[in-house]
Amino acid sequence: MNNQREYKLILAVESSCDETSVAIVTDDFKILSNVVASQIKSHQRFGGVVPEVASRHHVEQILLCFEEALAKAQVTVEDLDAVAVTYGPGLVGALLIGITAAKTFAWAHALPLIPVNHMTGHIAAANFVAELHYPLLALLVSGGHTELVYMKEAGSYEIIGQTRDDAAGEAYDKIGRVLGVNYPSGKIIDEMAQQGQDTFHFPRAMLKEDNYDFSFSGLKSSFINTVHNAEQRGETLAANDLAASFQASVVEVLVEKTLRCAEELQVKQLVVAGGVAANHGLRSALKAAIAKRQLEIELIVPPIALCGDNAAMIGASAFIEARLGHFAHGELNAKPSLSFPERAE
Ligand code: KG4
Ligand code: ZN
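Residues numbered from 1 in each chain as written. Chains lettered and ligands numbered in written order. Predicted model: local features only at pLDDT ≥ 70, side-chain atom pairs only at ≥ 80, totals over all residues. Heavy atoms only, no water.

(A) Focus on empty space enclosed by the protein. Considering all chains together, one arrives at 1 cavity of 30 Å³ or more under this definition. If you add up the space inside the largest cavity, you get close to 50 Å³. Lining the largest cavity are T120, I123, A124, N127, L132, Y134, M151, Y157 and I320. It is helix α4 (residues 118-124) that provides the largest number of residues to the lining of the largest cavity, a total of 3 residues. Residues that form the lining of the largest cavity fall into these classes: 7 nonpolar, 2 polar and no charged. Shared between two domains, the lining of the largest cavity holds at least three residues of each, these being domain 1 (9-124 + 307-323) and domain 2 (134-301). (1 Å grid on protein atoms, 1.4 Å probe; cavity = no way out; pocket = protein on both sides within 12 Å on 5 of 7 lines; lining within 4 Å. Points joined across faces, edges and corners; volume = space filled by probe spheres on them. Helix = DSSP H or I, 4+ residues; strand = E, 2+ residues; numbered from the N terminus. Nonpolar A, V, L, I, M, F, W, Y, C, P; charged D, E, K, R; others polar. Domains from an automatic or database assignment.)

(B) Molecular detail of the packing of aromatic side chains. Evaluation of the coordinates by the stated rule reveals 10 aromatic pairs. On the basis of an interplanar angle of 40 degrees and a centroid distance of 5.6 Å, the ring pair of Y7 and F327 is categorised as tilted. Residue Y7 is found in the segment before β1 (9-14), and its partner F327 is found in the segment after α10 (311-323); the two are separated by 320 residues along the sequence. Both residues of the pair, Y7 and F327, count as buried. (Phe/Tyr/Trp six-rings, centres within 6.5 Å; stacked < 30°, edge-to-face > 60°. Buried < 20%, exposed > 50% of the residue type's maximum accessible area, 1.4 Å probe, protein only.)

(C) Representation of the domain arrangement of the protein. As far as domains go, the protein holds domain 1 (9-124 + 307-323) and domain 2 (134-301). Inter-centroid distance (C-alpha atoms) of domain 1 to domain 2 is 27 Å. Taken together, the 14 residues of domain 1 in the interface contact 20 residues of domain 2. Between domain 1 and domain 2, roughly 1,300 Å² of surface is buried when both sides are summed, and carbon and sulfur atoms account for 72% of that area. (Contact = heavy atoms within 4.5 Å. Buried area = accessible area lost by both parts, 1.4 Å probe.)

(D) Representation of the packing of helix α7 (residues 217-232) against helix α8 (residues 239-265) in the model. Contact geometry for α7 and α8: axes closest at 11 Å, N-to-C directions at 165 degrees. Taken together, the axes of α7 and α8 are roughly antiparallel relative to one another. The element α7 and its partner α8 pack so that their crossing is right-handed. Counted together, L219, F223, T226 and V227 of α7 and L242, F246, S249 and V250 of α8 form the full contact between these two elements. In terms of residue class, the contact of α7 with α8 is made up of 6 nonpolar, 2 polar and no charged. (Axes fitted to C-alpha atoms, helices over the stretch in contact; angles between N-to-C directions. Parallel < 35°, antiparallel > 145°, perpendicular 65-115°, else oblique. Left-handed = near helix turned anticlockwise from the far one by under 90°.)

(E) Representation of the pattern of salt bridges. This structure, assessed with the given rule, holds 15 salt bridges. Note that D28 is salt-bridged to K30, the shortest N-O span being 3.3 Å. A relative accessible area of 49% means that K30 is categorised as partly exposed. Note that E256 is salt-bridged to R260, the shortest N-O span being 3.5 Å. (Salt bridge = Lys/Arg side-chain N within 4 Å of Asp/Glu carboxyl O.)

(F) The arrangement of α7 in detail. Given a rise of 1.5 Å per residue, 16 residues ought to cover 22 Å, and the 22 Å separating the end C-alpha atoms of α7 matches this to within 8%. For α7, the full list of buried residues reads L219, K220, F223, V227 and A230. Projection of α7 onto a plane perpendicular to its axis shows the buried side chains occupying an angular sector of 105 degrees, all on one side. On its buried face, α7 sits against α5 (168-178) and α8. Once α7 finishes, G234 follows within two positions and takes phi at roughly 80 degrees, a positive value. (Expected span 1.5 Å × (residues − 1). Arc of directions from axis to C-beta.)

(G) Examining the coordination of the zinc ion (ligand 2) more closely. For the zinc ion (ligand 2), the full set of protein donor atoms is H118 (NE2), H122 (NE2) and D309 (OD), and the range of their distances to it is 2.1 Å. Spacing between the donor residues of the zinc ion (ligand 2) along their common chain follows H-x3-H-x186-D. Of this pair, H118 and H122 are both found in helix α4, 4 residues apart, which corresponds to roughly one turn of the helix. Taken individually, H118 and H122 each receive the classification buried, so the pair is uniform in this respect. (Donors = N, O, S within 2.8 Å, 3.2 Å for Na, K, Ca; no water.)

(H) Up close: the sheet that holds strand β10 (residues 298-300). Ordered by their spatial adjacency, 5 strands build an open sheet running β8-β7-β6-β9-β10, and the pairing between neighbours is mixed. The open sheet has two edge strands, β8 (158-162) and β10, and neither has a second partner. Neighbour-to-neighbour, the strand axes of the sheet open up by a mean angle of 20 degrees, direction not taken into account. Those strands touched by α8 are β6 (136-141), β7 (146-151), β8 and β9 (269-273), and its axis lies near 160 degrees from that of β6. (Pairing = 2+ DSSP bridges.)

(I) Spotlight on the pairing of strand β2 (residues 19-26). Across the 8 residues of β2, 8 count as buried, placing the element largely inside the fold. Going residue by residue along β2, you find E19, S21, A23 and V25 tucked away on one face and T20, V22, I24 and T26 tucked away on the opposite face as well. Relative to β2, β1 runs antiparallel, the two sharing 6 bridges. Paired with V13 across the strands is V22, a residue of β2. Counted between consecutive antiparallel strands, the loop separating β1 from β2 contains 4 residues. Two strands pair when backbone bridges link them, and β2 and strand β3 (residues 31-38) are joined in this way by 7 bridges, in the antiparallel orientation. Bridging across to β3, I24 finds its partner in S33. Turn length for the β2-β3 hairpin, with the two strands adjacent in sequence and antiparallel, is 4 residues, and the turn residue F29 shows positive phi of about 60 degrees.

Below is the structure:
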C-alpha cells in the first residue's frame, strides 16, 4: 500500500558512527537542509570513536538536529511524506538513538518509515551531482568498506570486488597514528601528501592480479616498518614524503583496478563514494586516468561535504527504497553488522 503513495519530501536521520545528522530532501534530489553535528573533537584524544561517548552525544544532539533541519528547510511536519533512518552497519548504541528518534517521529506524525543501509546511502549521494544512468560502477571507500559495486539498475547492488583485510580509510587512520596525526587522519594525510613526493615506493598490493579485490594491510605494515626502522637508527623521515608515498600506493591500486573493472563491465558511469572519496589524490588521479585512456565513462564524485557521513545521502537512498516498496514493518531494530546489499525484512 505504502508504495502507491507519492513521496516528494523525506526527513532522513543518520547516527551510525560519530556524526548526528538530520536532513530534508526532495524527490528531485534537492537538499533543503542537511544538519551535521560532528563529535570528532570528543573522540580525538582517544585515537578513535568511543561507542559510549558517541551514544551520549547522539542523545544530546538528535532533537536539536531535527528542529534545525525543519527550520532551515522552512517546512513543517505536515509537508513531509516519510521518515528515513540508517539502521546499519554501525555502532549499535549510536544507531539506536537515530532509529528511536526516527520511529517515534514517524509514529507521532503517522508517516511511513524507510530503513536505509548506510552504504547504499553513500552511493546515493551521487544523485545530488548528476542523474544516474545504468549500468554503473561504484567505488565505495570509507572507514570500514572498500568495495566495487555493480548496479545494473537503481536499488540493485552486486559486489564485484572488495578488500581482503583493511578498508582504505582504516589504513589511512592507522598510519596516521604512526605519524602522530589526529583521528580520523585521512584528510590530514591527504594534505601532507600534496606537499610531498613518492620517494619510498611502497608495494602496490594485488595490482596485477586478475581479480577486483584489494588489500591494504601489507602496505600498512610496510609503512610502519619503514618508520620504526628509521627510528631505531635515530633517523627522522620526511613526513610529507611518507604521506605522499602511502597515498600514491593506495591511489594507484584503486584507480587501476576500478578502471579495469569499469571497462570490463562497460558501465556508463563511475561513482566514487564514502569518506575516502574526499581524497584529492584519488579524485584527480581518476579524472586524469579516464581522460588519458579516453574512456567514455562519466565520473561522478560528490562534493566533499557529501562524502562523509550525512543524512542527505540517507534521504536520497530512501527515495529509491520507497519506489521499490521497502518500508519498515513493525519493529525496526539496529543491525550493527548489516552486510551490503542486505535489506531490512
Ligand atoms: O564514510 P565515512 O565518513 O565513515 C564511514 O562510514 O566509515 O569515512 C570515514 C573515513 C575515515 O577513515 C577517514 O580517515 C577517511 O574516511 N577520510 C579520508 C579523507 N577524508 C576522510 N581518507 C583519505 N583522504 C581524505 N581526504
Ligand atoms: Zn560512512
